[in-house]
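Each chain, written out:
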Amino acid sequence: MSLMECSTVSSLFGKGHASADSEELDRRIEKLKKDLNGQVVILGHHYQRDDVIRFADYRGDSLQLSRIAASLKDIRYIVFCGVHFMAETADILTGEDQMVILPDLNAGCSMADMADIQDLEECWDLLTEEYGDSIFPVTYVNSSAEVKAFVGRRGGMTCTSSNAERVLSEAFRVKKRVLFLPDQHLGRNTGVKLGVPLEEMCVYDPADMRLEFPHGRGEPRMFLWKGHCSVHQRFEPRHVEEVRKKYPGIRVIVHPECMYETVQLADDSGSTDYIIRAVRNAPPGTKWAIGTEHNLVHRLAREHPEQWIISLNEMICPCLTMNRIDRPHLLQALENLAAGTPSGVIRVPEETAYWARTAIERMLQLS
Ligand code: 13P
Ligand code: SF4
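Residues numbered from 1 in each chain as written. Chains lettered and ligands numbered in written order. Predicted model: local features only at pLDDT ≥ 70, side-chain atom pairs only at ≥ 80, totals over all residues. Heavy atoms only, no water.

S.K.: How should the overall build of the protein chain be read in this particular structure?
M.R.: The secondary structure content of the protein chain amounts to 16 helices and 15 strands. Overall, the protein chain is about 60 × 55 × 35 Å in size when its C-alpha atoms are taken along their principal axes. Within the protein chain, the fraction of its 367 residues that count as buried is 56%. Of the contacts formed within the protein chain by residues at least 6 apart in sequence, a portion of 66% connects residues at least 24 apart. Just so you have it, the protein chain exposes about 15,700 Å², and 49% of that area is on carbon and sulfur atoms. Between the mean site of the 42 positive side-chain charges and the mean site of the 53 negative ones, the protein chain shows a separation of 4 Å. (Helix = DSSP H or I, 4+ residues; strand = E, 2+ residues; numbered from the N terminus. Buried < 20%, exposed > 50% of the residue type's maximum accessible area, 1.4 Å probe, protein only. Contact = heavy atoms within 4.5 Å. Areas by Shrake-Rupley, 256 points an atom, 1.4 Å probe, with all protein chains shown as cover. Lys, Arg positive; Asp, Glu negative; His and termini not counted. Charge placed at Lys NZ, Arg CZ, Asp CG, Glu CD.)

Below, the structure is given as structure tokens:
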């Protein structure tokens, strides 16, 4: 996507309270937070915009936010500043009497949308016909509740970018092969860390229901769904080479949703929380090029003036769906709660929630 397309989409954000000026928005959100004190908790993913995340009671990566949501037993409303699959996970892990609100229901995740439940059913039928009962299904939490439930029903579990290694080790302890979806890059990067050779990984393309063997045809041990994150896919190996040439001594750290070749060249890789901790714990004066969503990279640069921080590729688009959560939408969500007419409510049907919870809890017990 070009920068022009990026800015066109950005200009569509925040229609709800677009007329309120910046200070007025802050003032009204603060007041509603106070009025609703004790009833509402706001959760914010690290990719949220600065002007939204400042209202979060808790910040975190996907795994941390799932755990926090599960622990908020006495809180009636959880306003989730993040994307749809995160709010679904929070709903799955909270009680019947609690309500999870996503301030803009259009805040999806393009990667999660790449794994459609019907395509997954077809894939599973095909693979199990060929490889029998030898496959353990693992879905990245960046997937719909239906996909999580499918995996849970078949003895599998979810993973996040911070526990993918632990989950995959367990999967390989139980079965000979793993189906990993929807992010082929996180699957490949984690498989390599565990010693699975590239030629034992093949890619399942749901568009033509075929297996591809991009690295040669070994005995398949990992079936990687052909999905990706459109933000992280744009950090390429040439960007690592360029920053190293331009800024000798720079440390390159990337999210494991980046492609294998980029992760291999980088100095380090890890979840959003891992990246934050790496920067926080580095000696002053460290130079960083960070390959992840810009809201987080730019915030780290501001919060750590003792370090020197740039994006690995300044030209990428932000995550458009994370950025859909803006102050006008947050304000509207809080106003509707205060008026007793909640909007943006996320409710996963009980049967789906049961099996999705099974898959998530298997993961939480491991990590
Ligand atoms: P984390 O699990 O690292 O928070 O990442 C979530 C995500 O959507 C990355 O694109
Ligand atoms: Fe989804 Fe990528 Fe955005 Fe993360 S950064 S929410 S994977 S589109």
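S.K.: Where do I start with the site of ligand 1 in this structure?
M.R.: Neighbouring residues of ligand 1: His45, Tyr47, Asp61, Ser62, Asn142, Ser161, His232, His255, Glu257, Ser271 and Thr272. Within the contact set of ligand 1, an oxygen atom lies 2.7 Å away from a side-chain nitrogen or oxygen of His45. A distance of 2.9 Å is found between an oxygen atom of ligand 1 and a backbone nitrogen or oxygen belonging to Thr272. Burial of ligand 1 by the protein amounts to 95% of the accessible area it has alone, namely 300 Å². Its residues assigned to classes, the shell around ligand 1 shows one nonpolar, eight polar and two charged. (Near = heavy atom within 4 Å. Polar contact = N/O pair within 3.5 Å; in protein donor to acceptor, adjacent residues only side chain to side chain. Nonpolar A, V, L, I, M, F, W, Y, C, P; charged D, E, K, R; others polar.)

S.K.: Quick question: what am I supposed to make of the sheet that holds strand S4 (residues 99-101) here?
M.R.: Picture the strands of a sheet paired through backbone hydrogen bonds; they go either parallel or antiparallel. Across the sheet, five strands lie side by side as S2-S1-S3-S4-S15; this open sheet has mixed pairing. Each edge of the sheet is formed by a strand with only one pairing partner; in this case those strands are strand S2 (58-60) and strand S15 (345-346). For strand S1 (residues 40-45) and S2, the ladder comprises three bridges, and the chain directions are parallel. Pairing of Leu43 across the sheet is with Tyr58, part of S2. (Pairing = 2+ DSSP bridges.)

S.K.: Help me out: how do you make sense of the nonpolar core in this one?
M.R.: Ile42, Leu43, Val138, Phe180, Val252, Ile290 and Leu334 are the most contacted members of the largest nonpolar core, which totals 103 residues. Setting aside its immediate chain neighbours within four residues, Phe180 contacts Val138, Tyr140, Cys159, Leu168, Leu186, Gly187, Met222, Phe223, Leu224 and Trp225. Core analysis: the next-biggest nonpolar cluster, separate from the first, contains 17 residues, Leu127, Ile135, Phe150 and Leu181 among them. (Core = buried A, V, L, I, M, F, W, Y, C linked by side-chain atoms within 4.5 Å.)

S.K.: I keep staring at the site of ligand 2 and nothing clicks. Help me out?
M.R.: Surveying the vicinity of ligand 2 reveals the residues Tyr47, Cys109, Ser110, Met111, Asn142, Cys229, Glu257 and Cys319. A breakdown of the residues in the shell around ligand 2 according to their chemical character gives five nonpolar, two polar and one charged.

S.K.: I'm lost on unusual backbone geometry in this one. Help?
M.R.: Keep in mind that most residues, glycine aside, have a negative phi and that most peptide bonds are trans. In the segment running from Leu181 into Pro182, the intervening peptide bond is cis, with an omega of -5°. Residue Met209 is not a glycine yet carries a positive backbone phi of 50°. Checked against the element boundaries, Met209 lands in the loop between strand S8 (201-205) and strand S9 (210-212). Judged by relative accessible area, Met209 falls into the partly exposed class, the value being 37%.

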